[in-house]
Structures are given as structure tokens and as C-alpha cells.
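Structure assessment
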Number of protein chains: 2
Amino acid sequence: MALEHAILVSLLEKPGSGYELSRRFERSIGYFWTATHQQIYRVLKRMESDGWIDVREVPQQARPDKKEYSVAALGRDVLSQWLHEPIEPESVRHELAVKIRGAAFDDPAALIREVERHHQAHTDRLAHYLAGERRDFTGPKAPATPDAGQQLQHVVLRGGIAYERMTLAWLDDVLDTLRRLGPER
Amino acid sequence: MALEHAILVSLLEKPGSGYELSRRFERSIGYFWTATHQQIYRVLKRMESDGWIDVREVPQQARPDKKEYSVAALGRDVLSQWLHEPIEPESVRHELAVKIRGAAFDDPAALIREVERHHQAHTDRLAHYLAGERRDFTGPKAPATPDAGQQLQHVVLRGGIAYERMTLAWLDDVLDTLRRLGPER
DNA sequence: TCTTTCTATGCAACTCGTTGCATAGACAAG
DNA sequence: CTTGTCTATGCAACGAGTTGCATAGAAAGA
């Protein structure tokens, strides 16, 4: 499991509350690791009782109070140890691919709209990543000499961008294939 | 959930036992949907008691008997209905990306070996996919006029190939970044 | 002969992840 | 003044997925 570790990395980058973490998991960290707020709250509790992170009650005006978490010494050790352990290369879970193969036993043309929808979603995601890259790394306001953390965040984001571009090209290929099949029926 | 649907697709392509399905989930279908044999046996049981699939006891010599499953009419309906429902575009789960961002708080150079290991694994997977493509789709023994099912299987495999190529290029980018960071410490 | 490997199926326990629901203060729009 | 939205936290129940273990016949190799 790596949700704990993803949270440790995020809290090292910047301490925050469960709510703030769940927002980060909708962007930034969430580009390559997803989690719902319920999951995050549950895991934060366990991490705190295990001494990996510290809590600080922060009163706020015009808002409910929050609990700000930060990484404790033990949490740093846990993360460091995990970083030195090998992990398995990812295995994919691509529901759309199951559908595409399933289309052979149904109407392939009926899938076109669905694939177009996915194409649009990935186009949006790519635009979002590129805007983030310009804002934080390649634009005029970006740091001229990025530190290690920024360079590593950038290379991860470049991975997301490459993934979306590859996916869009593949979805074009899928659409071509479905359209070629369609008229024959 | 789509394990049921992945199993339906696989059984439509060719009926088989739980054991055979679990082997297919290590190749072919497993390229984009993973499942362990325990998961498969459990789901097969539920699908059978729900009337989605039929069982046939097949005695074998030199081997334990097996239960061969095939898709029932109800299963075809269920699959067809699922194919017409929209699904969410995939969200990624990339443990290595968490590690890379985490490396900012540890020794980036220590990750190089790990990334190289992943590079090797993806190189192997790509070679495996390309061999499968040559065998089934582009080689001399491939069908000259592939049917719809074969064309759809091929486009899914092309997706796997594109994914591996993209990943390898990104891992090269990651290695460059880590090596540039290393000497500065 | 003994160990290992392959085919073949399955239970039990556990962890991970999702979904639905609940609470509660503050603010904005209608 | 009511409804909706945003911040903020959490419980309970369920479903999905993993890990460990067990059984059992046959073949292959040491």
C-alpha cells in the first residue's frame, strides 16, 4: 500500500488538514494517486496514532476549525525506508479496453460516442496539465533554477503529459478502427 | 466493477475453466485487466448461480477434471447492457511517481537502480507484446482479412504497445533527471 | 524414492476502497 | 428567508482485492 506514503510525501511538501489533502488528491498528487476524503481521514487517524505524523488544532475565523497534520520524525523514517524498498512495476486496469474487446460481440459502432467522450476527457486533462506546467515550471513566473523537489515534480508531471498524449493518439486509432468496422455491418 | 465483464468477454472469445481464465489473465486479457485465481473462482461461482454462465464438467486424463464455463443468454444480455453504459475515464495509480516525488526528501540517486529495474521490466513487456503482435496480427501466419474481433483485439494490443513505449521514454527522462540531480549533493 | 512442478479448485481472514449518510458553521444568491 | 455551496470531519456498511493456506492427481527430474 502506498496511500500512507503518498500522504507523507504530500505533507512533507506542505503540512495540511485532511480536507486540504483531499483537495490535493483531486489535483497535483491526484494526477497519479487517487483517494477519497473518507480514506484520507481514516488513514490520517491511523498514521497519527502510530506516531508517523503530528496534529495541531488550528482555529479559523469564518470557517470550521481544522487539524493540521505534519510529518513526525518516525514518519520520515518510514518514508525513507519505503523509498529504499523495491516495488512491482504497475499493472494496468483499463476498463475501456475490456469494452473494446467486448464490442466484437455487440455493435462496435455503438462504442464510438463513448470513446469520443473519453477523448474529450483526456483532452481536458492534457490542457490542465499543460497549464500547470506553464504556471509552475516553464512559464515566465517559474523559478530560473529549480531545486531538486521542483525538478522531480516536473518530471512526474511530464509523465502525466506524455500519458495523456499517448492516450489521445491511441483513442484516435480506436476511433478509426471502430469507424472502419461500422459500415460493414 | 468490470471483472465480471472481463470474464464474460474472455469466455465469449473462448469458453474455459477457472484455471484457464486465470492463465489468460496473466497474458492477453491480463494486459489491461488483472485478477488472481481466487478472485476468478469466487466471481465464476456467483456468475453461475446468477445464471450468467453455464458449467460443464469435463473429465480429463492425466489431469484433474475441470469445469468448463461458457456464456449463457443472460450473460450476453448483461454484457450488452454494460457495453451501452458510460464509464469513467481511468484514473492512474502510479506508485513509482509517488516515490520520485518522495525522493526530494531522501537521496534521489538511490532511486536510479529502482527506475532502471522498471525500465527493464517495461522493455521485456514491450518485447512480449511485439512478439504477440507479430504472431497474431502482422506476421506471415496472421489472417489476411481479420474479422471484427481480431481487429478490436489488435487495436487494444496497439494500446499496450504505445503505453510501454511511452513509459520507456518517460523512464529515460526520469533517469536523466535523477542523474543530473545526483552529482550536486 | 523423493522433491518439485503443473493442472485444478477452493476456504478463511484480512485489508483496501467506495458509497451513502450525517453534522455543522459561514456565506452567497435568489 | 430559504436554498445551495464551501469548508471541515467523521461513521457504518459494503464490495473489491490480496495473502496464506489446503488439497490432490500426474509427470518429470535428481
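Summarised in this report is the structure supplied together with it. Just so it is clear, the structure is predicted and the values come from calculations on it, not from any experiment. (Residues numbered from 1 in each chain as written. Chains lettered and ligands numbered in written order. Predicted model: local features only at pLDDT ≥ 70, side-chain atom pairs only at ≥ 80, totals over all residues. Heavy atoms only, no water.)

1. Structural notes on the overall build of chain A
Along chain A, the regular secondary structure elements total seven helices and two strands. Listing every helix and strand of chain A by position from the N terminus yields α-α-α-β-β-α-α-α-α. For chain A, whose C-alpha radius of gyration is 21 Å, the value lies well above the compact-globule estimate of 16 Å for 185 residues. Reported as C-alpha extents along the three principal axes, the dimensions of chain A are approximately 65 × 45 × 40 Å. (Helix = DSSP H or I, 4+ residues; strand = E, 2+ residues; numbered from the N terminus. Rg over C-alpha atoms; globule rule 2.2 N^0.38 Å.)

2. Details of the relation of the copies chain B and chain A
Laying chain B over chain A is done by rotating through 180 degrees and shifting 0.0 Å along the axis; what remains is an RMSD of 0.0 Å. Such values leave the two copies arranged in the relation of a two-fold axis. Across chain B, the rotation axis passes nearest the C-alpha of Met166(B), at a separation of 3.4 Å. Most of the interface of chain B is mirrored in chain A, where 100% of its interface residues are also at the interface. (Least-squares fit on C-alpha atoms with pLDDT ≥ 70 in both. Contact = heavy atoms within 4.5 Å.)

3. Digging into the environment of Asp65(B)
Among the secondary structure elements, Asp65(B) is positioned in the loop between strand S1 (53–58) and strand S2 (66–71). Along the primary structure Asp65(B) and Val156(B) are separated by 91 residues, whereas in three dimensions their C-alpha atoms are 33 Å apart.

4. Examining the protein's contact with DNA strand C
Arg42(A), Tyr19(B), Gln60(B), Lys67(B) and Arg93(B) are the nearest of the 22 residues found near DNA strand C. The sugar and phosphate moieties of DNA strand C supply 63% of its atoms located within 4 Å of the protein. Here a phosphate oxygen of DNA strand C and a side-chain polar atom of Gln39(A) are 3.0 Å apart. Taking Gln38(B), its side chain carries an N or O atom lying 3.3 Å from a base oxygen of DNA strand C. Only helix H3 (37–49) of chain A together with helix H2 (18–24), helix H3 (37–49) and S2 of chain B provide two or more residues apiece to the surface near DNA strand C. (Near = heavy atom within 4 Å. Polar contact = N/O pair within 3.5 Å; in protein donor to acceptor, adjacent residues only side chain to side chain.)

5. A look at the pattern of salt bridges
All names here are of chain A. This structure, assessed with the given rule, holds 22 salt bridges over all chains. Put simply, Lys66 and Glu20 hold a salt bridge, and the shortest N to O gap is 2.7 Å. In this pair, Lys66 sits in strand S2 (residues 66–71) while Glu20 sits in helix H2 (residues 18–24), placing the two residues 46 residues apart along the sequence. Classification of Lys66 by relative accessible area gives buried; the value is 16%. When salt bridges with common partners are traced through the structure, they connect Lys99, Glu114 and Arg117 into a single cluster. (Salt bridge = Lys/Arg side-chain N within 4 Å of Asp/Glu carboxyl O. Buried < 20%, exposed > 50% of the residue type's maximum accessible area, 1.4 Å probe, protein only.)

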